[in-house]
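# Observations on the model geometry
Single-letter residue listing:
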Amino acid sequence: MPSRRTFLAASAAIAALPVAPNTALAAAASAIYDFPAIDARLGRQAKHRQIMAVNRVADGVVVGYMGHSMDAYENAMGEGPGAMHVGAVFYGRGVILGLNDTMWKTYRLAEASKRRGDVLTVQGSDGHPFASEFAMLVRRGAFFLVCDNALTDWATYLVTTAGFNDRTIEAVHADLRAHLVPGAMLVPAGVAALNTAQEARFTYFQASL
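We now turn to the structure provided with this report.

Here is what the cut-offs are and how they apply
- Residues numbered from 1 in each chain as written.
- Predicted model: local features only at pLDDT ≥ 70, side-chain atom pairs only at ≥ 80, totals over all residues.
- Heavy atoms only, no water.
- Helix = DSSP H or I, 4+ residues; strand = E, 2+ residues; numbered from the N terminus.
- Buried < 20%, exposed > 50% of the residue type's maximum accessible area, 1.4 Å probe, protein only.
- Contact = heavy atoms within 4.5 Å.
- Salt bridge = Lys/Arg side-chain N within 4 Å of Asp/Glu carboxyl O.
- Phe/Tyr/Trp six-rings, centres within 6.5 Å; stacked < 30°, edge-to-face > 60°.
- Lys NZ or Arg CZ within 6 Å of the ring centre and 35° of its normal.
- Pairing = 2+ DSSP bridges.
- Axes fitted to C-alpha atoms, helices over the stretch in contact; angles between N-to-C directions.
- Polar contact = N/O pair within 3.5 Å; in protein donor to acceptor, adjacent residues only side chain to side chain.

## Looking at the side chain of Arg 116
- Residue position: Arg 116 is located in the loop between α6 (109–115) and α7 (131–139).
- Taking relative accessible area as the criterion, Arg 116 reaches 13% and is therefore assigned buried.
- In this view, Arg 116 contacts Arg 93, Asp 153, Trp 154 and Tyr 157; residues no more than four positions away in its chain are not counted.

## Examining the pattern of salt bridges
- A complete count under the given rule lists nine salt bridges for this structure.
- Asp 153 serves as the salt-bridge partner of Arg 116, at 3.1 Å between the closest nitrogen and oxygen. Taken as a pair, Arg 116 in the loop between α6 and α7 and Asp 153 in helix α8 (residues 148–160) lie far apart in primary sequence, 37 residues in all.
- A relative accessible area of 36% places Asp 153 in the partly exposed class.

## Digging into the packing of aromatic side chains
- For the structure on display, the rule yields eight aromatic pairs.
- Each ring, one from Phe 90 and one from Phe 144, has its centre 5.4 Å from the other, and the planes form 25°; the classification is stacked. Of the two residues, Phe 90 is situated in strand β2 (residues 84–90) and Phe 144 in strand β3 (residues 143–147); the sequence distance between them amounts to 54 residues.
- By relative accessible area, Phe 90 is classed as buried at 0%.
- We classify Phe 144 as buried; its relative accessible area is 0%.
- Ring plane angle 80° and centroid distance 5.7 Å describe the contact between Trp 154 and Tyr 157, whose orientation is recorded as edge-to-face. On the criterion of helical spacing, the pair formed by Trp 154 and Tyr 157 is a turn pair, its members being three residues apart in helix α8. In this structure, Trp 154 and Tyr 157 share a single accessibility class: buried.
- Grouped by ring-pair contacts, the aromatic residues Phe 90, Phe 134 and Phe 144 constitute a single cluster.
- Above the plane of the ring of Trp 154 lies Arg 116, whose end atom (NZ or CZ) is 4.6 Å from the centre.

## Thoughts on the side chain of Ser 113
- Locating Ser 113 in the fold gives a position in helix α6.
- Assessed through its relative accessible area of 1%, Ser 113 is described here as buried.
- Setting aside residues no more than four positions away along its own chain, Ser 113 makes contact with Val 57, Ile 96, Asp 118 and Trp 154.

## Remarks on the sheet that holds β3
- Spatial ordering of the open sheet is given by β4-β3-β2-β1-β5, a layout of five strands whose pairing is parallel. Edge positions in the sheet fall to β4 (184–187) and β5 (203–206), since each of these pairs with one other strand and no more. Neighbour to neighbour, the strand axes of the sheet diverge by 25° on average, direction disregarded.
- Bridge count between strand β1 (residues 48–54) and β2: seven bridges; the pairing is parallel.

## Remarks on the environment of Glu 74
- Take Glu 74: it is sitting in helix α4 (residues 61–76).
- With near-sequence residues (within four places) excluded, Glu 74 lies in contact with Glu 79, Gly 80, Pro 81, Gly 82 and Arg 140.
- A polar contact is formed between the side chain of Glu 74 and the side chain of Arg 140, at a distance of 3.0 Å.

Remember that the coordinates give geometry; whether it matters functionally is a separate question.
Structure follows, in structure tokens:
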């Protein structure tokens, strides 16, 4: 009969074994998410790194936060362009910030966002209200990560509540996935992307309080 010490040693050895990934699921995920590109973006060399969590539209305040963060290091602190590597993770109801102008017009996202309780006071456009500001941030090296789970939630809302019941949730979800803003990459879950960024030495800032 094995001793308690032998049993514990065997148990520890089993626990230390790597868990084999589900190769079919991994292959499917790789077809949807460009993990090497995400890793490359997170791994870009920079003295300072900051990731901003954006779970609400909140009148686009993230635009100012990202710009001010880069300006402070580049100009006020005299460290020059590229000193601050800044990104944003769009998740929750704020994920629509990661969708391009076509999606904002097609699904009337400005109207839908307000109905869901978000703050959006920009007038004069049915398209993405911050498209030009986002483009400027990208030119300066900023990037965006877009939560796929949140896109599923929005697709469900658009079909079941917002009047697009002539389409399936799957079709709307696929449409949203295919129309991200320039400089954006799709991630499975925004909460996991925030953790991955912090593990890559990005400091965390909640940008939609």
